[in-house]
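# Coordinate inspection notes
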Amino acid sequence: MKLERFIRAALAALLCTTACTKEKGESPLPPAPVITLDSPTSIYTAKTGRPIEIRPTVEHADGATFAWSLDGELLGDGPTLRFVSDRTGRYYITLTVANAGGEASAELRIDVVELAPPRLTLPGADEGFTLLCGSELVLEPTVSTPLETLWSWRVDGTEVSTGPTYTFVGERPGDYLVEVTARNEDGEGRLACTVAVRDASEVDFAWHFAQDTCRVALGRTVLLRPLDIENAFDAEYVWRVDGTEVQRGERPEYHFAATEEGFRSLRIEMHNSYLVASRELTVHVCPPEGSYYRAGSPASRAECNRVYEYLPAPGQFINEEGEVTTPAGACILAGERLASGRGISLGGFGGYVVVGFDHSVDNSGGYDLLIEGNAFEGSSEPGVVWVMQDENGDGLPNDTWYELRGSEYGKPETDPDYAVTYIRPDTPGSPVPWYDNRGGSGTIDHLGAFHPQDYYYPAWVETDRYTLRGTRLHSRSYDQSGDGTYWVNPAFDWGYADNFSTIDRPADGGAAGGSANCFRIADAVAFDGSDAKLRYVDFVKVQTALNQQCGWIGEVSTELFGIRDHNIGGER
């Protein structure tokens, strides 16, 4: 029945009742109805396909008529409304209650949202796990929903745990199927992985190298080493240069001294009780420092003039501006944003940008570089700064990086070789899972209320996972409010970008209005902590230095608004 017809009929019946009452000389008219909804906000939430009942309190309801309406259509005529919809959206419903003394109405809103069954993520599950016999493997999946969840873990079909994590103990060699099911009121999610338990003689050995060819200027020493070594056990490493053995022992890294120009062939072999592995490397010993120096001129620009690499970690500001799908496009976008003062975000830990100049930046002994961020007191998101000379003269940043020493350099809590691997989410609006080389894992949370783009994983990264490595500072962030509403990110003493330092800010505050930091090329250090003694640099890299999530604020991410040669127009 149309709402208008229903109300008309109800009012007619009430008028008739009133007239009869007056003719008989009975009691006066009752007070008009008063409606109190059972939600203080008048807003209700329901799930698609799930009914919800609205039970208001109505004073003076004796003999009253009820009408629940949606867009002019009558939904019900009783004191309680049972509402269900298979479509998401906002539904505005009006309740009208009338008696002989008058009528009252109240408007309410029902938000119908999608069901939220658990979605499970477990880094490494796709490839499966290999476990040394006698060891333990802690399996702790990330669940996508905060709803109360029931868990069930099975190993080869037998339930072994009902907790959110499960520790698999490799008691006997073999291949095992581990399955986990998570259930909540909206449905269930499943995840399965294999665990291969092996004796030491069966475990696969793994390592990798940052590059097959490295470049170093004549007279310098470069560090060569395998990264993320797995299952080496009682390994012995042998290094050979041009076929001649130069080092043997438990130490996997080798310090190559560049004493002669040209290309040198190196070989590293790993021997343990069950495996021999080898890798061929090349070192290009370039001409001595200064061979490719580019002197400045009156026409030289202080600002960096090119972005060579822009590879942020996932973060809330990534993919916000258009759909950049190639590394070259990302560099163009980053360059345009820096040039216009709009700035770029480096995302979570390890995200970085590499820039160059139209000249070599001299080591003046004082402050030589100025990097603009958006830090303020209580909000520092520090980035480590690296510098490079164009040692091989090809105009590209493919030579040796040197870290600029900051106040935290060399401290026990600073990790100089920290790596995080990020995993592409399967569905829009999902957090980005990560795991590190220290056994930790977590997520870059999706903050849809503030940054609603579907994915925070850089769209121009083709692979479904990528690893970022660098120096990690020990986080000082804390929740000052105690309830997650006010996070503080304190500054570090000096030596980091986007850091509200009282030591290395320029006197004039810089173009960012007090959010700039100055840096000395003289603070560049070699891999062993010794002074690099660089006379100049050609490239600068800035990299997010914290792996920290701050509740509703999101990940700590270094932001940059400009990188300048401070020797041009800057105070020393």
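Details of the structure are given in the entry above.
Let me begin by describing the structure that accompanies this report. Note that the structure is a prediction, hence the values are computed from the model and not measured.

What follows covers the nonpolar core. Counting 54 residues, the largest nonpolar core has Tyr310, Val387, Tyr422, Val540, Val542, Leu560 and Ile563 as the members making the most contacts within it. Here this core gets six residues from one element, more than from any other, and that element is strand E30 (residues 352-362). With near-sequence residues (within four places) excluded, Val387 lies in contact with Leu369, Thr400, Trp401, Tyr402, Leu404, Ala524, Leu534, Val537, Phe539 and Val540. Judged by nonpolar contacts, the second largest core, of 24 residues, contains Trp239, Val241, Phe256 and Ile268.

What follows deals with the sheet that holds strand E6 (residues 73-76). Pairing is mixed in the open sheet, where five strands are placed in the order E2-E9-E8-E5-E6. If you trace the sheet from one side to the other, it starts and ends with strand E2 (43-47) and E6, each paired once. Across the sheet, the axes of successive neighbouring strands diverge by a mean angle of 35°, strand direction being ignored. With eleven bridges connecting them, strand E8 (residues 89-99) and strand E9 (residues 102-113) associate as antiparallel partners. Bridging from a neighbouring strand, Gly89 pairs with Val112 of E9.

Let us now look at a nonpolar patch on the surface. Together, Phe450, Trp552 and Ile553 make up an exposed nonpolar region whose accessible area comes to about 310 Å². The topology assignment puts Trp552 in the loop between strand E42 (536-544) and strand E43 (559-560). Overall, the relative accessible area of 45% leaves Trp552 in the partly exposed class.

Evaluation of the coordinates by the stated rule reveals 15 aromatic pairs. Their ring planes at 70° and their centres at 5.0 Å tell us that Phe205 and Trp207 sit as a pair that is edge-to-face. With relative accessibility at 15%, the residue Phe205 sits in the buried group. You can call Trp207 buried: its relative accessible area is 16%. An angle of 90° between the planes, with centres 5.4 Å apart, marks the rings of Tyr457 and Tyr466 as edge-to-face.

Moving on, we get to the pattern of salt bridges. Evaluation of the coordinates by the stated rule reveals 35 salt bridges. The shortest N-O distance in the salt bridge between Asp212 and Arg279 comes to 2.6 Å. Residue Asp212 is found in the loop between strand E19 (206-208) and strand E20 (213-217), and its partner Arg279 is found in strand E27 (residues 276-286); the two are separated by 67 residues along the sequence. On the basis of relative accessible area, Arg279 is assigned to the partly exposed category, the value being 26%. Residues joined in a network through salt bridges with shared partners are Glu236, Arg240, Glu245, Arg248, Arg267, Glu269 and Glu280.

Position of Asn489 relative to the elements: it lies in the loop between strand E39 (487-488) and strand E40 (516-519). On the basis of relative accessible area, Asn489 is assigned to the buried category, the value being 6%. Contacts of Asn489, omitting those with residues within four sequence positions, involve Gly378, Ser379, Ser380, Ser477, Cys550 and Val556.

Our focus in this paragraph is unusual backbone geometry. Despite not being glycine, Phe233 has its phi angle at roughly 55°, a positive value. With respect to the helices and strands, Phe233 occurs in the loop between strand E22 (227-230) and strand E23 (236-241). On the basis of relative accessible area, Phe233 is assigned to the partly exposed category, the value being 40%. Even without glycine at this site, Lys533 takes up a positive phi of about 55°. Tracing the sequence through the fold places Lys533 in the loop between strand E41 (524-525) and E42.

Counting buried positions along strand E5 (residues 65-70) yields five of six residues, so the element is predominantly enclosed. Across six bridges, the pairing between E5 and E8 is antiparallel. Looking across to E8, one finds that Trp68 is bridged to Leu95. Across three bridges, E5 lies against E6 in antiparallel orientation. Looking at E6, one finds that Leu70 is bridged to Glu73. Counted along the chain from E5 to the antiparallel partner E6, the turn is two residues long, and its residue Asp71 has a positive phi close to 55°.

Conventions adopted
Residues numbered from 1 in each chain as written. Predicted model: local features only at pLDDT ≥ 70, side-chain atom pairs only at ≥ 80, totals over all residues. Heavy atoms only, no water. Core = buried A, V, L, I, M, F, W, Y, C linked by side-chain atoms within 4.5 Å. Buried < 20%, exposed > 50% of the residue type's maximum accessible area, 1.4 Å probe, protein only. Helix = DSSP H or I, 4+ residues; strand = E, 2+ residues; numbered from the N terminus. Contact = heavy atoms within 4.5 Å. Pairing = 2+ DSSP bridges. Axes fitted to C-alpha atoms, helices over the stretch in contact; angles between N-to-C directions. Patch = residues over 30% accessible without salt bridge, like charges linked within 9 Å, V, L, I, M, F, W, Y side chains within 5 Å. Areas by Shrake-Rupley, 256 points an atom, 1.4 Å probe, with all protein chains shown as cover. Salt bridge = Lys/Arg side-chain N within 4 Å of Asp/Glu carboxyl O. Phe/Tyr/Trp six-rings, centres within 6.5 Å; stacked < 30°, edge-to-face > 60°.

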